[in-house]
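Below, each chain spelled out in residue letters.
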Amino acid sequence: MEIAKLERIFRQELSSLYDEEEASSLFVWCFEAITNKNKVHYLLNKSNKLDENQQKRLLEILDRLKTGEPVQYILGEALFYGLKFQVNREVLIPRPETEELVEWILSMKQTKEGTRILDIGTGSGCIAVALKKHLPMADVSGLDIALSSLEMARRNAACNHAEVHFFQSDILYPDFNDGSYQLIVSNPPYITPAEEKDMHVNVLAYEPWRALFVPAHDPLLFYKAITDFACKRLTDGGFLFFEINDAYAEELIQLLEKHNFIDIQLKKDIHNNDRFIYGRKPMVVRPVDGIE
Ligand code: GLN
């Protein structure tokens, strides 16, 4: 079958789940993975035929895509901040919004070098690994409650040649003490059960709920725990960065203010939603020894 015909089949059969443009990009993505050829090859050879085996594999992928399964889980990989990450259903698929969080962190010149960084709820390790790649002098760690996520995160650090230390802990009951950090970052679960009805089937049916949802009665559960932790374990002047649910931006500003964070800033994502917040732990002016 010609490549162009296969692409048409993708577009038709996925039309109830994806618009034409999305279906075409999905096709190209799968084509690249199956043939090991790039997009240019695809564009120049649309009238060529694929061999039987490649065609069979693409049609098998199509069957899975039709159920709403995300292409990243089918192919076992996702791109994040220009890096390739392995993913499976134990970890959230890295989101473009989270790339904006990494970009924001890297854009602050004070966060440049020699920093101890902790990523809380690291999942696939995408934030921690991307930061380490761009801040090679930084000492980067990531924690997660799930051993299955940590296994994936470690694999991703190795594949990307990034030295990141991953360890298990539940941030609601932090049981570790390996010193203080200059920067703490987290993209914790923040979707409330009421928002479930607006979510796409390929998120709800396939992605890990523990990484997405928070209890209705305490939507800021993780933010409160992490802010408490940051008060104790950020160095003076240290940075706290969060990805957030835009519905709680005001409450999160108040939470950081209540804990005396300074320079608090909200930032919108490309869809113009309040998606990130940042604050700094104040510098404490300590009395100098010998002065009454
Ligand atoms: N941004 C993700 C989504 O919309 C949720 C990530 C999270 O809960 N931390 O699916």
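Residues numbered from 1 in each chain as written. Predicted model: local features only at pLDDT ≥ 70, side-chain atom pairs only at ≥ 80, totals over all residues. Heavy atoms only, no water.

Is there a simple way to think about the sheet that holds strand S9 (residues 274–280) in this case?
Remark on secondary structure: sheet strands pair via backbone hydrogen bonds, oriented parallel or antiparallel. If you walk across this open sheet you meet the seven strands as S5-S4-S3-S6-S7-S9-S8, and the pairing is mixed. The sheet is open, and its two borders are formed by strand S5 (164–168) and strand S8 (262–268), each paired with just one other strand. The average undirected angle you get between the axes of adjacent strands in this sheet is 15°. The sheet contact formed by strand S3 (residues 116–120) and strand S6 (residues 181–186) spans four bridges and is parallel. In the strand pairing of S6, Asp119 is matched with Val185. (Pairing = 2+ DSSP bridges. Helix = DSSP H or I, 4+ residues; strand = E, 2+ residues; numbered from the N terminus. Axes fitted to C-alpha atoms, helices over the stretch in contact; angles between N-to-C directions.)

I keep staring at the pairing of S9 and nothing clicks. Help me out?
Extensive coverage of S9 is indicated by the burial of seven of its seven residues. Here five bridges tie strand S7 (residues 234–243) to S9, and the two strands are oriented antiparallel to one another. Residue pairing for S9: Glu243 is matched across the bridge by Phe276. In this structure, S8 lies alongside S9, joined through five bridges in antiparallel fashion. (Buried < 20%, exposed > 50% of the residue type's maximum accessible area, 1.4 Å probe, protein only.)

How should the pattern of salt bridges be read in this particular structure?
This structure, assessed with the given rule, holds 18 salt bridges. Close ionic contact of Glu151 with Arg155 constitutes a salt bridge, the shortest N to O distance being 3.2 Å. Taken together, the residues Glu151 and Arg155, both in helix H8 (residues 147–159) and four residues apart, mark about one turn of the helix. The residue Arg275 makes a salt bridge to Asp269 at a minimum N-O spacing of 3.0 Å. Accessibility expressed as a relative area gives 9% for Arg275, which makes it buried. (Salt bridge = Lys/Arg side-chain N within 4 Å of Asp/Glu carboxyl O.)

How should unusual backbone geometry be read in this particular structure?
As a rule of thumb, non-glycine residues mostly have phi less than zero, and peptide bonds are mostly trans rather than cis. In this model, Asp263 sits at a positive phi of 55°, which is unusual for a non-glycine residue. Checked against the element boundaries, Asp263 lands in strand S8. With a phi angle near 70°, Asn272 is a residue other than glycine that sits in the positive phi range. On the secondary structure map, Asn272 appears in the loop between S8 and S9.

Could you clarify how one ought to interpret the packing of helix H2 (residues 20–35) against helix H4 (residues 52–66) in this entry?
A pair of packed helices is captured by two measures, namely the crossing angle of their axes and the spacing between those axes. Two numbers describe how H2 lies on H4: the axes approach to 10 Å, and their chain directions differ by 140°. Relative to H4, H2 is oriented oblique. Regarding H2 and H4, the two cross each other, and that crossing is right-handed. The segment H2 lies against H4, with Phe27, Cys30, Phe31, Ile34 and Thr35 engaging Gln54, Arg57, Leu58, Ile61 and Leu65. Per-class residue counts for the contact of H2 with H4 are seven nonpolar, two polar and one charged. (Parallel < 35°, antiparallel > 145°, perpendicular 65-115°, else oblique. Left-handed = near helix turned anticlockwise from the far one by under 90°. Contact = heavy atoms within 4.5 Å. Nonpolar A, V, L, I, M, F, W, Y, C, P; charged D, E, K, R; others polar.)

Even after reading the chapter, I still don't get the site of the ligand, so can you show me in this structure?
If you check the shell around the ligand, you find Leu92, Arg95, Asn187, Pro188, Pro189, Tyr190, Ile191, Ala211, Leu212 and Glu243 and nothing else. Within the backbone of Pro188, one N or O atom sits 2.6 Å away from a nitrogen atom of the ligand. Between the ligand and Leu212, the relevant distance is 3.4 Å, taken from an oxygen atom to a main-chain nitrogen or oxygen of the residue. In isolation the ligand has 300 Å² of accessible area, and contact with the protein removes 88% of it. Broken down by class, the residue content of the shell around the ligand amounts to seven nonpolar, one polar and two charged. (Near = heavy atom within 4 Å. Polar contact = N/O pair within 3.5 Å; in protein donor to acceptor, adjacent residues only side chain to side chain. Areas by Shrake-Rupley, 256 points an atom, 1.4 Å probe, with all protein chains shown as cover.)

Which parts of the structure should I look at to understand a nonpolar patch on the surface?
A surface patch of nonpolar side chains, about 320 Å² in accessible area, is lined by Val40, Leu43 and Leu44. If you trace the backbone, Val40 turns up in helix H3 (residues 39–44). (Patch = residues over 30% accessible without salt bridge, like charges linked within 9 Å, V, L, I, M, F, W, Y side chains within 5 Å.)

Explanation requested: the side chain of His259 in the structure shown.
Inspection of the secondary structure puts His259 in the loop between helix H12 (249–258) and S8. Relative accessible area serves as the criterion here: at 19%, His259 is assigned to the buried category. At 3.1 Å, the side chain of His259 forms a polar contact with the side chain of Asp228. Those residues in contact with His259, other than ones at most four positions away along the chain, are Thr227, Asp228 and Cys231.

Whenever I open this one, the nonpolar core confuses me. Can you help?
Across soluble globular proteins, you tend to see nonpolar side chains buried next to one another. Counting 35 residues, the largest nonpolar core has Leu118, Ile184 and Leu240 as the members making the most contacts within it. Of all the elements in the fold, those that place two or more residues in this core are S3, S6, helix H9 (201–204), helix H11 (221–233), S7 and H12. One finds Tyr81, Ile117, Val129 and Tyr278 within the second-largest nonpolar core, a separate group that totals 32 residues. (Core = buried A, V, L, I, M, F, W, Y, C linked by side-chain atoms within 4.5 Å.)

When you look at the packing of aromatic side chains in this model, what are you seeing that I'm missing?
Evaluated as defined, the whole model comprises twelve aromatic pairs. Consider the rings of Trp104 and Tyr278, whose centres lie 5.7 Å apart with planes at 70°: the pair is edge-to-face. On the criterion of sequence distance, the pair formed by Trp104 in helix H6 (residues 96–107) and Tyr278 in strand S9 is long-range, its members being 174 residues apart. Taking relative accessible area as the criterion, Tyr278 reaches 3% and is therefore assigned buried. (Phe/Tyr/Trp six-rings, centres within 6.5 Å; stacked < 30°, edge-to-face > 60°.)

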